[in-house]
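Now for the letters of each chain:
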Amino acid sequence: MVNRALQGFVTATYGADVWAEVSDQAGLPPAGFEAMLDYPDALTMACFQATAHVLHKHPNALLEDIGTWLVTDDHLEPLRRLMRFSGPGFLDFLYSLEELGDRGRLALPDLDLPRITLERLDPSTFRVLLRWTLPGMGPIAMGCLRAMADDYGALALLDLDGIAPDGTEAVRVQLLDTAFSAGRSFELGQARA
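None of the values given here were measured: they were computed from a predicted structure.

**Topic: the environment of Ser23**
Here is step 1 of the chain: Checked against the element boundaries, Ser23 lands in helix 2 (residues 16–26).
Here is step 2 of the chain: We classify Ser23 as buried; its relative accessible area is 10%.
Here is step 3 of the chain: Between the C-alpha atom of Ser23 and that of Cys47, which follows or precedes it by 24 residues, the distance is 7.0 Å.
Here is step 4 of the chain: Sequence-distant contacts of Ser23, defined by excluding residues within four places in its chain, comprise Leu28 and Pro29.

This is how it looks when you write it as structure tokens:
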């Protein structure tokens, strides 16, 4: 699914021609990635490196853009809805991050998501710790978190906060205002015609 998300992001944001160039540079299968197939980590890394090279983007900036896209693209509205089920406010959302993997596996039992731990540093500052098999979850999470803060109407400052020797990546979240703006509308149920 990670590979398919990268392909979807490049195609939706930059077009099929750019994806073809990335695919060629990375030596990918001509048909692209299938969402439910497993691919070697080396192929994922080659695809990501080719994408950063073709787009002339710093890897962290590219990963953050992918994280933002996952939450904001209209075609991925079900993911946004799943994340909004975490509660009525951004603070509720932060506190539910540790449950995200279990909720995802309810829908797709074989889904491999990062292990997430939330640390509260003070009343308005949090540290989100992410452990996964591939590097780069910190910037992806930062893009998702930034987009979700906007979605909820919260004002938050986010920064990458280092990588531990075991590979755990951290994102610092300083919540400045939980009701900074109206945010995007969200209802638990869909209106019926």
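**Digging into the sheet that holds strand 1 (residues 115–122)**
Here is step 1 of the chain: Spatial ordering of the open sheet is given by 1-2-4-3, a layout of four strands whose pairing is antiparallel. In this open sheet, the two strands that pair with only one neighbour each are strand 1 and strand 3 (155–163). Ignoring strand direction, the axes of neighbouring strands in this sheet form an average angle of 20°.

**Overview of the pairing of strand 3**
Here is step 1 of the chain: Where strand 3 meets strand 4 (residues 169–177), seven bridges bridge the pair, whose relative direction is antiparallel. Opposite Leu158, over in strand 4, you have Val173 as the bridge partner.

**A look at the nonpolar core**
Here is step 1 of the chain: Ranked by size, the top nonpolar core spans 53 residues in total, and within it Phe90, Val128, Leu145, Val171 and Val173 carry the most contacts.
Here is step 2 of the chain: In this structure, Phe90 is in contact with Leu145, Met148, Ala149, Tyr152, Ala154, Ala156, Val173 and Leu175, ignoring residues within four places of it in sequence.

**Remarks on the pairing of strand 4**
Strand residues, when the strand is regular, have side chains that alternate between the two faces of the sheet.
Here is step 1 of the chain: Pairing geometry for strand 2 (residues 125–131) and strand 4, over six bridges, is antiparallel. By the bridge assignment, Leu130 is partnered in strand 4 with Glu169.

**Side note on unusual backbone geometry**
A negative phi holds for most residues other than glycine; trans holds for most peptide bonds.
Here is step 1 of the chain: The phi angle at His56 is positive, at roughly 55°, despite the residue not being glycine.
Here is step 2 of the chain: As for its position among the elements, His56 is in the loop between helix 3 (41–55) and helix 4 (59–72).

**Some words on helix 3**
Here is step 1 of the chain: Given a rise of 1.5 Å per residue, 15 residues ought to cover 21 Å, and the 21 Å separating the end C-alpha atoms of helix 3 matches this to within 8%.
Here is step 2 of the chain: Residues of helix 3 that are buried in the fold lie against helix 1 (2–14), helix 2 and helix 4.
Here is step 3 of the chain: His56 occupies a position one or two residues after helix 3 and carries a positive phi of about 55°.

**Details of the environment of Leu97**
Here is step 1 of the chain: Structurally, the position occupied by Leu97 is in the loop between helix 6 (90–96) and helix 7 (100–107).
Here is step 2 of the chain: For the pair Leu97 and Ala26, spaced 71 residues apart in sequence, the C-alpha separation works out to 33 Å.
Here is step 3 of the chain: Excluding residues that lie within four positions of it along the chain, Leu97 makes contacts with Ile116, Val128 and Leu145.

**Description of the pattern of salt bridges**
Here is step 1 of the chain: With the rule as written, the count across this model stands at five salt bridges.
Here is step 2 of the chain: The residue Arg146 makes a salt bridge to Glu64 at a minimum N-O spacing of 2.9 Å. Of the two residues, Arg146 sits in helix 8 (residues 137–152) while Glu64 sits in helix 4, which places them 82 residues apart along the sequence.
Here is step 3 of the chain: Look at Arg146 and you get partly exposed, because its relative accessible area is 29%.
Here is step 4 of the chain: Overall, the relative accessible area of 18% leaves Glu64 in the buried class.
Here is step 5 of the chain: One network of salt bridges, with partners in common, ties together Glu119, Arg127, Asp161 and Arg172.

Definitions and limits used
Residues numbered from 1 in each chain as written. Predicted model: local features only at pLDDT ≥ 70, side-chain atom pairs only at ≥ 80, totals over all residues. Heavy atoms only, no water. Helix = DSSP H or I, 4+ residues; strand = E, 2+ residues; numbered from the N terminus. Buried < 20%, exposed > 50% of the residue type's maximum accessible area, 1.4 Å probe, protein only. Contact = heavy atoms within 4.5 Å. Pairing = 2+ DSSP bridges. Axes fitted to C-alpha atoms, helices over the stretch in contact; angles between N-to-C directions. Core = buried A, V, L, I, M, F, W, Y, C linked by side-chain atoms within 4.5 Å. Expected span 1.5 Å × (residues − 1). Salt bridge = Lys/Arg side-chain N within 4 Å of Asp/Glu carboxyl O.

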